[in-house]
Amino acid sequence: MIKRLLAFSLLMAGCSQGEQSAGMQTSSGESAGNFVAAAPLKLYTFDCGNIEVSDFDAFSSSGDYAGQVGRLTNTCYLIRHPAGDLIWDLGLPHGLVGSAPQVDGIFTVSLESSLTDLLAEIDLTVTDIDFMSVSHSHFDHTGQASLFPDVKWLVHQNELEHMFSTEESKAQNAAFAGLNKTTFSDNHDVFGDGSVVILEMPGHTPGHTVLQINLPESGPILLTGDLYHRTESRELQRVPRFNTDESETRVSMAAFERLATELGARVIIQHEPTDVAALPQSPAFLQ
Ligand SMILES: [Zn+2]
């Protein structure tokens with residue numbers, strides 16, 4: 001518990017820093033006083049697959065989703081910063097491109113374009129990408145890791161250990177094994193200026209993280225990873241049955257909501273079609 005409280009206070013400290021940084025910037029991108037000129041930070045949203053769910057029961061330990069049918073979007077994001085480009089989440093496996101939808105239990109998954117193709121639409125290649133981080137290591141967030149052999153992987157220490165804890169998980173995460181990486185605990189300020197911060201929000205998995213982006217014009221944005229999967233999951237504080245730790249998830253949800261309120265942040269639930277539809281889709285972007 002003490003560790004959690006400490007982590008939370010550090011999180012809040014990191015976030016007020018980020019908010020301040022965003023506040024220094026004018027909408028025209030000019031610097032104020034002696035501050036360094038505002039970073040032309042950009043957020044691109046990529047369609048990284050579609051997931052039809054035949055029964056949402058697994059997504060609520062309360063049992064109230066039983067029998068519900070629906071759709072989850074699957075999204076990846078590119079954050080362009082003067083100091084480098086960061087990919088957040090790696091979508092469904094690129095091997096799905098060009099094939100019929102695949103059924104796996106309650107999920108039917110499909111993918112139209114790989115990240116290679118999506119980056120090409122904005123004149124980038126996979127080798128242009130400097131940093132990569134995934135909210136967590138589930139299959140729908142890690143599927144295209146092998147496209148980025150030269151990237152620097154930013155990973156929470158607890159997720160790293162989780163990913164390589166068994167022979168089965170080692171095999172599933174083989175594409176990550178040889179990557180150059182930076183590990184962290186608590187939070188990680190990607191570019192050192194508070195503009196893009198990875199925040200630990202464990203419970204879905206041991207090292208699950210969310211991403212805070214302070215855009216100069218659009219303001220603070222929080223990408224939820226899988227802290228929530230649907231709008232109602234956030235409203236009702238529902239925890240999936242398959243999370244590694246329900247009580248830890250609830251602590252993360254409370255921390256997340258306090259932060260979202262404090263920042264006045266726009267919250268994007270990455271699997272929620274309504275939230276994703278409201279974002280400009282690449283090649284358009286937010287800034
Ligand atoms: Zn997911």
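Presented here is a report on the structure given in the accompanying data block. (Residues numbered from 1 in each chain as written. Predicted model: local features only at pLDDT ≥ 70, side-chain atom pairs only at ≥ 80, totals over all residues.)

Right, let's talk about the sheet that holds strand S1 (residues 42-53) for a bit. The strand order across the open sheet built from eight strands is S4-S5-S1-S2-S3-S6-S7-S8, with neighbouring strands paired in mixed fashion. Single-partner strands in this sheet number two, and they are strand S4 (102-104) and strand S8 (180-184). Averaged over all adjacent pairs, the angle separating strand axes in this sheet is 25°, with direction ignored. Pairing analysis gives five bridges linking strand S7 (residues 152-156) to S8, with the strands arranged parallel. From the neighbouring strand, Val155 faces S8, where its bridge partner is Thr183. (Pairing = 2+ DSSP bridges. Helix = DSSP H or I, 4+ residues; strand = E, 2+ residues; numbered from the N terminus. Axes fitted to C-alpha atoms, helices over the stretch in contact; angles between N-to-C directions.)

A few words now on the pairing of S1. Where a strand is regular, its side chains alternate between the two sheet faces. For S1 and strand S2 (residues 70-81), the ladder comprises ten bridges, and the chain directions are antiparallel. Bridging across to S2, Lys42 finds its partner in Arg80. Summarising the sheet, S1 and strand S5 (residues 107-110) pair through four bridges and their orientation is antiparallel. Across the sheet, Val53 pairs through a bridge with Phe107, a residue of S5.

This part is about the environment of Ala83. Among the secondary structure elements, Ala83 is positioned in the loop between S2 and strand S3 (84-88). Distance in space between the C-alpha atoms of Ala83 and Val190 is 9.7 Å, their sequence separation being 107 residues.

What follows concerns unusual backbone geometry. For residues that are not glycine, phi is negative in most cases, and the peptide bond is trans in most cases. Looking along the chain, the bond that leaves Ser282 and enters Pro283 is cis, with omega of 15°. With respect to the helices, strands and loops of the structure, Pro283 is situated in the segment after helix H9 (273-277). The backbone phi angle of Asp89 is positive, close to 75°, even though this residue is not glycine. Note that Asp89 resides in the loop between S3 and S4. Despite not being glycine, Gln237 shows a phi value in the positive range, around 55°.

Right, let's talk about the nonpolar core for a bit. One finds Tyr77 and Ile79 to be the most contacted residues of the largest nonpolar core, which totals 59 residues. The element contributing the most residues to this core is S1, with six residues. The residues touching Tyr77, leaving out its near neighbours within four places in the chain, are Leu43, Tyr44, Thr45, Phe46, Trp88, Asp89 and Leu223. (Core = buried A, V, L, I, M, F, W, Y, C linked by C-beta atoms within 7 Å. Buried ≥ 20, exposed ≤ 12 C-beta atoms within 10 Å, placed from the backbone. Contact = placed C-beta atoms within 7 Å.)

Sheets are built from strands that pair by backbone hydrogen bonding, the pairs being arranged parallel or antiparallel. Taken in spatial order, the five strands make up an open sheet running S9-S10-S11-S12-S13, and their pairing is mixed. Single-partner strands in this sheet number two, and they are strand S9 (188-189) and strand S13 (266-268). Pairing analysis gives five bridges linking strand S11 (residues 209-215) to strand S12 (residues 219-223), with the strands arranged antiparallel. Across the sheet, the residue bridging to Leu215 is Gly219, located in S12.

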